[in-house]
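# Survey of secondary and tertiary structure
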Amino acid sequence: MNSDSDLNLLKESARKAASLVGRYDFVRVLTHYDADGISAGAIVASALLRANKGFQLTFLKGLNESFEYERDELLIFLDMGSGYPDVISSVEADVIVLDHHLPTGKINAKKEFVHVNPHLYGFDGTYELSASGVAYFFANELGNNRDLSSIALVGIIGDKQKLLGPNEEILKSGIEWGVIEEKPGVCLHSGKLRDVLSRSIEPYLDLYKKDDELESFLKKAKLDGEKEFDDLSIDEMHRLANAVTLRLLKMGAYEGVIEQIIGRRFILKNLPIVNAHMLTDIVNSCGRAGAMGVAFGILAGDKSFVEKAVRINYEYTTEILEELAKRKREVKEGFCIRYLVMNDAPSASSMATTFSRYLMSDKPIVVINVKNGKAKVSARTTEKLSRRVNLAEVMKIAAEKVGGRGGGHRVAAGANISPDKIDEFLKEVDRLCCAMLA
Ligand SMILES: [Mn+2]
């Protein structure tokens, strides 16, 4: 933890960003398509709208993708930029970067430039502030936008952060403003308990299509599978929390997961889906499915998108649950890592996250998905292992060695490489992880 003065410096830099916006009538916003990026986009869009600024919002998979702009525009990059100093340095327009990825080099901006990133002010951007949180502080320098704290929480949960430091301040601010409510219990989706448990991915309980196991789970916990999660009594919620904890421990899940999902859950009182945990999963799956507009609509408060978003989430979840069951046996052992190479799979990153958090938490895992002639790499590990292994470094070095590009966070990183270099890349990743773990 750090002192308050650090957060004041971050806010000061957010204020500089806000005053740069003051010089423009129109802003071009580029954001990432995951839950944190979409939340950051929704926060910045609302704040710009309220400040009477025109804007265009574009979703990108990353800065490997090209983007267009005019030289007399202001560009705001959300949830990206800090790890791509060369791309940001090449932009011939005024630029604001609101990001939380580890800054990897010096940015030599061509014009006006404001960089707001928790790492620059002594905070850990992996756990203490996400892009949606940075966007929240920026929005509150543009005006009073404290009601947007509920959207910031979606990004915080989406990036699996902790409610510490600046994140804790955002949570407090949301509770004070009456848009977030904290309740005791376990973080699961709303719905019939039986469906909720069997279809849960975060936490993954490994009860999908395991009807007998699910029934005995319910019976042991003295819970009625037909009951709605939202209608559980305090006692029932308590028994559910205990049963989920026990199951996770038996599965060999990473112990840090338990403190994240057991104890308290959050209600977002000013959004169309009030279960924070469920909304985060829905926003995430809409992003994965390429339906960023649907997720954005919900975060902007539009109820008419809910039905479509819930359907997208259902389909996405089914795909992931089927894929997890099928691929579990295909995971291979390296010396210091595990890895899985897939072709045309729905999502490498969700698979990597679930394996690392719930099923194989004792070694870093690297999941590669080959699609359209490109190999997309997702690497994940636990917070505990990340004290020794820095996956951002590993991905960067190994990808560059084979002519690709990589980076990210210590616990969660990625790379893009050429499919014919996969073996060489994996060898280098394993070697680097062994060296760091030694
Ligand atoms: Mn993020």
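What counts, and at which threshold
Residues numbered from 1 in each chain as written. Predicted model: local features only at pLDDT ≥ 70, side-chain atom pairs only at ≥ 80, totals over all residues. Helix = DSSP H or I, 4+ residues; strand = E, 2+ residues; numbered from the N terminus. Buried ≥ 20, exposed ≤ 12 C-beta atoms within 10 Å, placed from the backbone. Contact = placed C-beta atoms within 7 Å. Pairing = 2+ DSSP bridges. Axes fitted to C-alpha atoms, helices over the stretch in contact; angles between N-to-C directions. Core = buried A, V, L, I, M, F, W, Y, C linked by C-beta atoms within 7 Å. Domains from an automatic or database assignment.

### Considering the environment of Val 366
- With respect to the helices and strands, the residue Val 366 is situated in strand β10 (residues 365–371).
- Residue classification places Val 366 among the buried positions, given that 34 C-beta atoms sit within 10 Å.
- In the structure, Val 366 is positioned 43 residues away from His 409 in sequence and 14 Å away in space, judged by C-alpha atoms.
- Filtering out sequence-adjacent residues up to four positions away, Val 366 remains in contact with Ile 337, Tyr 339, Val 377, Ala 379, Leu 426 and Val 429.

### Structural notes on the sheet that holds strand β1 (residues 26–32)
- Spatially, the five strands line up as an open sheet ordered β2-β1-β3-β4-β5, and their pairing is parallel. Every interior strand has two partners, whereas the edge strands, β2 (54–60) and β5 (113–116), have only one. Averaged over all pairs of adjacent strands, the angle between their axes in this sheet comes to 15°, without regard to strand direction.
- Strand direction decides the pairing type here: strand β4 (residues 94–98) and β5, joined by four bridges, are parallel. By the bridge assignment for β5, Val 97 is matched with His 115.
- Along the sheet face, helix α2 (residues 35–50) touches β1, β2, β3 (74–78) and β4 and points at about 165° away from the line of β1.

### Here we look at the nonpolar core
- Grouped together as the largest cluster of nonpolar side chains are 102 residues, with contacts concentrated most on Ile 43, Val 44, Leu 78, Leu 98, Ala 135 and Phe 138.
- Sorting elements by how many residues they give to this core places α2 first, with nine residues.
- There are two domains that each give this core at least three residues, and those are domain 1 (4–178) and domain 2 (184–324).
- Aside from chain neighbours lying at most four places away, what touches Val 44 is Val 29, Ile 76, Leu 78, Ala 135, Phe 138 and Ala 139.
- Grouped together as the second largest cluster of nonpolar side chains are 36 residues, Leu 340, Ala 375, Leu 391 and Val 394 included.

Structural measurements only, silent on function.
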